[in-house]
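Letter by letter, the chains look like this.
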Amino acid sequence: MTVDVALPRPTRFSIGRALGDSIRIFARNVIWLAPVACATRAVVLLAPEPAEDGSTLAWSDLILDDITDALASGLADAAIILVILQILRGHRASIGDMAAGFRFVVPMVVATAIANLPWTAWAIIDQLWETGNTLVSVVARWLLIYAIALTVYVHWALSTQAIVIERIGPVAGLLRSVRLTKGRRWAIFGLTMIPLIIVMALSVGAWALPNLIAVDQWLVDALNYLISALSTAYFAVQTTVLYYYLRREKEGVESGEIAHVFD
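The rules behind each value
- Residues numbered from 1 in each chain as written.
- Predicted model: local features only at pLDDT ≥ 70, side-chain atom pairs only at ≥ 80, totals over all residues.
- Heavy atoms only, no water.
- Helix = DSSP H or I, 4+ residues; strand = E, 2+ residues; numbered from the N terminus.
- Buried < 20%, exposed > 50% of the residue type's maximum accessible area, 1.4 Å probe, protein only.
- Areas by Shrake-Rupley, 256 points an atom, 1.4 Å probe, with all protein chains shown as cover.
- Patch = residues over 30% accessible without salt bridge, like charges linked within 9 Å, V, L, I, M, F, W, Y side chains within 5 Å.
- Salt bridge = Lys/Arg side-chain N within 4 Å of Asp/Glu carboxyl O.
- 1 Å grid on protein atoms, 1.4 Å probe; cavity = no way out; pocket = protein on both sides within 12 Å on 5 of 7 lines; lining within 4 Å.
- Points joined across faces, edges and corners; volume = space filled by probe spheres on them.
- Phe/Tyr/Trp six-rings, centres within 6.5 Å; stacked < 30°, edge-to-face > 60°.
- Lys NZ or Arg CZ within 6 Å of the ring centre and 35° of its normal.
- Axes fitted to C-alpha atoms, helices over the stretch in contact; angles between N-to-C directions.
- Left-handed = near helix turned anticlockwise from the far one by under 90°.
- Contact = heavy atoms within 4.5 Å.
- Nonpolar A, V, L, I, M, F, W, Y, C, P; charged D, E, K, R; others polar.
- Core = buried A, V, L, I, M, F, W, Y, C linked by side-chain atoms within 4.5 Å.

A. Quick peek at the overall build of the protein. A tally of helices and strands in the protein yields 11 helices and 0 strands. Secondary structure elements of the protein occur, N-terminal to C-terminal, as α-α-α-α-α-α-α-α-α-α-α. Expressed as a percentage of its 263 residues, the buried residues of the protein come to 44%. Total accessible area on the protein stands at roughly 13300 Å², and carbon and sulfur atoms take up 68% of it.

B. Seen up close, a nonpolar patch on the surface. Nonpolar side chains collect at one region of the surface, where Trp-119, Trp-142, Leu-143 and Met-200 lie side by side and expose about 360 Å² of accessible area between them. Its place among the elements puts Leu-143 in helix H7 (residues 135-156).

C. Quick peek at the layout of surface pockets. Counted as a void, the second largest pocket has a volume near 280 Å³. Phe-26, Ile-198, Val-199, Leu-202 and Tyr-234 are the residues nearest the centre of the second largest pocket, which is lined by 15 residues in total. Those elements that place two or more of their residues in the lining of the second largest pocket are helix H1 (15-28), helix H10 (185-212) and helix H11 (217-251). A per-element tally of the lining of the second largest pocket places H11 first, with 7 residues.

D. Quick peek at the packing of aromatic side chains. Counted under the stated rule, the structure contains 4 aromatic pairs. Taking 5.4 Å as the distance between ring centres and 65° as the angle between the ring planes, the aromatic pair formed by Tyr-244 and Tyr-245 counts as edge-to-face. Residues Tyr-244 and Tyr-245 agree in their burial class; the two are buried. Site record: aromatic cluster; members linked through ring pairs are Phe-26, Tyr-234 and Phe-235. The ring of Tyr-245 has Arg-17 lying over it, and the distance from NZ or CZ to the ring centre is 5.0 Å.

E. Quick look at the packing of helix H2 (residues 30-40) against H11. Contact geometry for H2 and H11: axes closest at 8 Å, N-to-C directions at 115°. In this structure, H2 crosses over H11, and the sense of that crossing is right-handed. Contacts between H2 and H11 involve Val-30, Leu-33, Ala-34, Ala-37 and Cys-38 from the first element and Tyr-225, Leu-226, Ala-229, Leu-230, Ala-233 and Val-237 from the second. The class makeup of the residues in the contact of H2 with H11 is 11 nonpolar, no polar and no charged.

F. Inspection of the nonpolar core at higher detail. Counting residues in each nonpolar core, the largest one holds 58 residues, and the members touching the most others are Phe-13, Trp-32, Ile-80, Ile-84 and Val-237. Here this core takes 13 residues from helix H3 (residues 59-88), the largest share from any one element. Setting aside anything within four residues of it in sequence, one finds Ile-80 in contact with Trp-32, Leu-33, Val-36, Ala-233, Ala-236 and Val-237.

G. Region of interest: the pattern of salt bridges. Tallying each qualifying case throughout the model produces 6 salt bridges. Note that Arg-176 and Glu-251 form a salt bridge whose closest N and O atoms lie 2.7 Å from each other. Here the residue Arg-176 occupies a position in helix H9 (residues 170-181), and Glu-251 occupies one in helix H11, the gap between them amounting to 75 residues. A salt bridge links Glu-251 to Arg-247, with the shortest nitrogen-to-oxygen separation between them at 3.0 Å. One end of the pair is Glu-251 and the other is Arg-247, both in helix H11 and 4 residues apart, which spans about a single turn. A relative accessible area of 12% places Arg-247 in the buried class.

This is how it looks when you write it as structure tokens:
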């Protein structure tokens, strides 16, 4: 595994530094982040596919879809967080650091499932709200649920990092994230929107690809899978960088003391 070791940084939080370090670490380590993210995301293949006639999924299928999505996210975070933390601490990471994160998969999946509740609510509303199928209604509901989801996200963005690094449970991890993000949520929102817009643009491009050139559907599906996996890996890197800098700023924890999980 090739990793890039970061140099010590000032404790003052900076949006530019957090974004720059996230992109830099992701780009220099994409050679192992990409296969890890693709492998951990494979669990979403267990979820049922949408019906070709456009009908909605059954309740059991919706629940399974949410579970596999949370599991994929939890597995990716488990494999990535401790490695990125080692890089930020100025240490060289190993396969053992990646494996160590899997001890915390269950609480991470629970925390992720809780954080994903707005999207679960969206699926429920989409099934029950049968009279609002006009384009305006669909867009309005989508914008509303997206606003709620982002509000939840900026509060709980660091929960999985807290669970792994501080060895705490899912609820404690969510509460810890709320404390660490306090006063910096607009910054987290901005840092989230920049890569999210890029991911959305790439996804739209992949969706529109068959209309531009002759390609097989399997290639489009593979491209969408890769985009989703890489976006999951990037956000795991970015939220770990955020956790590291916010904890240093708020608690004055130095790079050598920020985690005892390696001891």
